[in-house]
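# Coordinates in review
Chain by chain, the residues run as shown.
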Amino acid sequence: MITLIDGLSLGSIYALIALGYTMVYGIAKMLNFAHGDIIMVGAYAIMVTLAATVSPIAAIIAAIVICTILGILVEKLAYKPLRGASPLAVLITAIGVSYFLQGLAQLVFGSQPKPVGSAWKLPAIKAINDIGITTSAAVTLICGIIIMVALTLFIKYTKTGSAMLAVSEDRGAAILMGVNVNKIISITFAIGSALAAFAGMFYLFQIPNTEPTLGAMPGITAFTAAVIGGIGSIPGAMVGGVLLGVIEKFCLASPLAPYTVAIKFSLLIVILLVKPTGLLGKVVREKV
Amino acid sequence: MSDIMLKTENLGITFGGLKAAQDVNIEIKKKQLYGLIGPNGAGKTTIFNLLTGVYKPTSGKFYLDGEDLTGKKQEAINRRGIARTFQNIRLFNNMTVVRNVMVGLHNNPEFKCNPFVSAFRLPRHFKVEKAMRERAKELLRIFDLEDERNSLACNLPYGKQRKLEIARALATNPKLLLLDEPAAGMNPQETEELMDTIRFINKEFDLTILLIEHDMKLVGGICEELTVLNFGKVLSEGETKVVLNDPEVIKAYIGD
């Protein structure tokens, strides 16, 4: 039971990151491999703000604002000039942006892990701590659910959300209906990066250290989750993320612990063999 | 103010060595129902793609209501007042019928609402959503689609999908509506209904309509004037009755 809660909580972190991958893929048709590093930037933003203000609230707000702006900037500077270029060029650029952000963090903060600071702590909640559930797991899980519900409502029931769905389905037709695709792509990057900031924040509750490569492993795991769920599919990213989180925690609690990473990624291979479009992915019919 | 809605001046485009459209001059009066016909591959859809900014013309210019729109971006052209439908239907299939129309209403200044307001679900968000939905419903009523508004677009029968495309284009509040083979694949009765609907929106919305069609009955029935294209060039133009009896046109369609 406790392992399950831990798993769901880790899973909601993965799901938040996976949503960023999947939304950007759905709308801009590109894999944003720098997405994991946005989490890292968010973590450093929390650390720096915390050192300056000692206020966790200020730190959280700073992280969200900085990540959102960074997401929009990366898109404008690195990806937008390549709109219409071959997917491979965009992919390589994304990997470049990823290394750039990691390098920049190393330059500024050094390569050693740094503690985020003692002010970054959740209060103990006796009722749930006594049965073995950590406060961070509970907070992550609840916030994760709220964020995902809010995002689903946003996508389904707002005009911006409709425009996003329209662009992801048929960009050409959406443009001809007057949808400003550049704006929609910017909004998508902004939302994805804000979600990454949340993920960074929850991650720091579990492991209170920042380092330049912090985003790499959660990033690649969440990418796997997005593909397992069916890349481009929003519920798919949620399902994939939660699934991987639960599997990871159960593996760690079993004698298979040393093989956790191997098991996580083998799952991807198995699922792609059985259902190449991912669990909730759409079957794309080739036009003859 | 002149009474010309659309004017093209020697409009043309070449793909490599292929002249897909060449020196096309069309003049459409306001509120006119104008036809664009021609054999397969004559360049009709190419003209639509030029007029909506999908292709940039390699020569010539076009004006909407006196304003030069040559070389403008697609969404800018749509905002200035040209909307279209597609020869092969391109609806947002996994969205509901009413949402498809609401995407068309996206840019209407009446429904301005920034994403932050929507994200935090402030009262304005609900007001705007409701107003948009009402407007979308009104449009759907014209096309007799109101009852299907909550089904997915892909689940509509073919004829209704065609109608929904027109409704969605109409939602962008155009001055000029381009219909690319609206009756393709429809049975005679559906075509008849469609003719009535096209006439109705033409009158009701003071809309100028340019339509591509293969169905001669439809063209003859509703278009006042038309242009015939062949091999990317204007073969004949003028009043429908006269043009359809032009020996050159008959030759292009049927052969010698």
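Being a predicted model, the structure only gives us computed values, none of them experimental.

Our next topic: the overall build of chain A. Each helix and strand counted, chain A has 12 helices and two strands in total. Computed over C-alpha atoms, the radius of gyration of chain A comes to 19 Å, within 12% of the 19 Å expected from 2.2 N^0.38 for 288 residues, which places it in the range of a compact globule. The C-alpha extent of chain A, read off along each of the three principal axes, is 60 × 45 × 35 Å. A burial count over chain A gives 51% of its 288 residues as buried. Pairs at least 24 residues apart make up 77% of the contacts formed inside chain A by residues separated by at least 6 positions.

A word on the overall build of chain B. Looking only at helices and strands, chain B has 10 helices and 11 strands in total. On C-alpha atoms alone, chain B measures out to a radius of gyration of 19 Å, which is about the 18 Å that the 2.2 N^0.38 rule sets for 256 residues. Projected onto the principal axes, the alpha-carbon positions of chain B cover approximately 65 × 40 × 35 Å. At a minimum sequence separation of 6, the contacts of chain B that also span at least 24 residues come to 66%.

On to the pairing of strand S1 (residues 4-15) of chain B. Residues and elements named next belong to chain B. Relative to strand S3 (residues 27-29), S1 runs antiparallel, the two being bridged by three bridges. What sits directly across from Leu6, in S3, is Ile28. Direction of pairing for S1 relative to strand S5 (residues 59-64): antiparallel, over a ladder of five bridges. Opposite Leu6, over in S5, you have Leu64 as the bridge partner. Two strands pair when backbone bridges link them, and S1 and strand S2 (residues 18-24) are joined in this way by four bridges, in the antiparallel orientation. Note that in S2 the partner of Leu11 across the bridge is Val24.

What follows concerns the environment of Asn78(B). Within the secondary structure, Asn78(B) sits in helix H2 (residues 74-80). When the 27 C-beta atoms within 10 Å are taken as the criterion, Asn78(B) is described as buried. Sequence separation between Asn78(B) and Phe111(B) is 33 residues; the distance between their C-alpha atoms is 17 Å. Excluding residues within four positions of it along the chain, Asn78(B) makes contact with Leu176(A), Met177(A), Gly178(A), Ala83(B) and Thr172(B).

Per-residue confidence for chain A gives a mean pLDDT of 91; residues scoring 70 or more make up 98%. Mean pLDDT across the secondary structure elements of chain A bottoms out at helix H5 (residues 126-129) of chain A, with 81, and peaks at helix H3 (residues 56-79) of chain A, with 95.

Across the contact, 20 residues belong to chain A and 28 residues belong to chain B. At seven residues, helix H7 (residues 159-169) of chain A tops the list of elements feeding residues into the side of chain A that touches chain B. Partitioning the side of chain A that touches chain B into residue classes produces 12 nonpolar, five polar and three charged.

Here we take up the sheet that holds strand S10 (residues 225-230) of chain B. Residue and element names in this part refer to chain B. One open sheet holds the six strands; their spatial order is S7-S8-S9-S4-S10-S11, and the pairing between them is mixed. Every interior strand has two partners, whereas the edge strands, strand S7 (82-84) and strand S11 (233-239), have only one. On average, adjacent strands in this sheet sit at an angle of 20° to one another, irrespective of strand direction. Looking at chain direction, strand S8 (residues 176-180) and strand S9 (residues 208-212) are connected through five bridges and run parallel. Looking at S9, one finds that Leu178 is bridged to Leu210. Helix H1 (residues 44-51) contacts strand S4 (33-37), S7, S8, S9 and S10 of the sheet and is inclined by roughly 145° relative to S8.

Our focus in this paragraph is the confidence of the model for chain B. When the pLDDT values of chain B are averaged, the result is 89; 99% of them are 70 or greater. Here the predicted complex scores 0.88 on pTM and 0.85 on ipTM.

Moving on: the environment of Ala85(A). Summarising the element assignment, Ala85(A) is placed in the loop between H3 and helix H4 (87-109). Spatially, the C-alpha atoms of Ala85(A) and Arg171(A) are 15 Å apart, while their sequence positions differ by 86 residues.

The backbone phi angle of Val54(A) is positive, close to 60°, even though this residue is not glycine. Turning to its location among the elements, Val54(A) is positioned in the loop between helix H2 (35-53) and H3. If you check the backbone angles, Phe231(B) has positive phi at about 50° while not being a glycine. Along the polypeptide, Phe231(B) turns up in the loop between S10 and S11. When the 15 C-beta atoms within 10 Å are taken as the criterion, Phe231(B) is described as partly exposed.

Another aspect to go through is the packing of H3(A) against helix H9 (residues 181-206) of chain A. Residue and element names in this part refer to chain A. With their axes 7 Å apart at the nearest point, H3 and H9 run at an angle of 140° to one another. Like other packed secondary-structure pairs, H3 and H9 cross with a definite hand, here right-handed. The residues of H9 that touch H3, namely those facing Ile60, Ala63, Ile64, Cys67, Thr68, Leu70, Gly71, Ile72 and Glu75, are Ile185, Ser186, Phe189, Ala190, Gly192, Ser193, Ala194, Ala196, Ala197, Gly200 and Met201. Among the residues making up the contact of H3 with H9, the classes are represented as 13 nonpolar, six polar and one charged.

The next thing to look at is the pairing of S8(B). Residues and elements named next belong to chain B. Summarising burial for S8: five of the five residues are buried, a large majority. With burial as the criterion, each face of S8 is covered, one bearing Leu176, Leu178 and Asp180 and the other bearing Leu177 and Leu179. Sheet topology places S7 next to S8; three bridges connect them, and they run parallel. In the strand pairing of S8, Ala83 is matched with Leu177. With helix H7 (residues 188-204) bridging S8 and its parallel neighbour S9, the resulting β-α-β unit is right-handed.

With that out of the way, let us pick up H4(A). Residues and elements named next belong to chain A. Between its first and last C-alpha, H4 extends 33 Å over 23 residues, near the 33 Å set by a 1.5 Å rise per residue. Looking only at H4, the buried set comprises Val90, Thr93, Ala94, Val97, Ser98, Leu101, Gln102 and Ala105. For H4, the secondary structure elements touched by its buried residues are H2 and H3. Of the residues one or two after H4, Gly110 is the one with positive phi, at around 80°.

Residues and elements named next belong to chain A. Look at helix H6 (residues 135-157) against H9: their axes get within 9 Å of each other, and the N-to-C directions meet at 170°. Of the possible angle classes, the one that applies to H6 and H9 is roughly antiparallel. Along this stretch, H6 crosses H9, giving a crossing that reads as left-handed. Mapping the contact onto sequence places Ser136, Val139, Thr140 and Ile147 in H6 and Leu195, Phe198, Phe202, Phe205 and Gln206 in H9. Its residues placed into classes, the contact of H6 with H9 shows six nonpolar, three polar and no charged.

Calculation rules
Residues numbered from 1 in each chain as written. Chains lettered and ligands numbered in written order. Predicted model: local features only at pLDDT ≥ 70, side-chain atom pairs only at ≥ 80, totals over all residues. Helix = DSSP H or I, 4+ residues; strand = E, 2+ residues; numbered from the N terminus. Rg over C-alpha atoms; globule rule 2.2 N^0.38 Å. Buried ≥ 20, exposed ≤ 12 C-beta atoms within 10 Å, placed from the backbone. Contact = placed C-beta atoms within 7 Å. Pairing = 2+ DSSP bridges. pLDDT = per-residue confidence, 0-100. Nonpolar A, V, L, I, M, F, W, Y, C, P; charged D, E, K, R; others polar. Axes fitted to C-alpha atoms, helices over the stretch in contact; angles between N-to-C directions. Left-handed = near helix turned anticlockwise from the far one by under 90°. Right-handed = clockwise from strand over helix to strand, strands pointing away. Expected span 1.5 Å × (residues − 1). Parallel < 35°, antiparallel > 145°, perpendicular 65-115°, else oblique.

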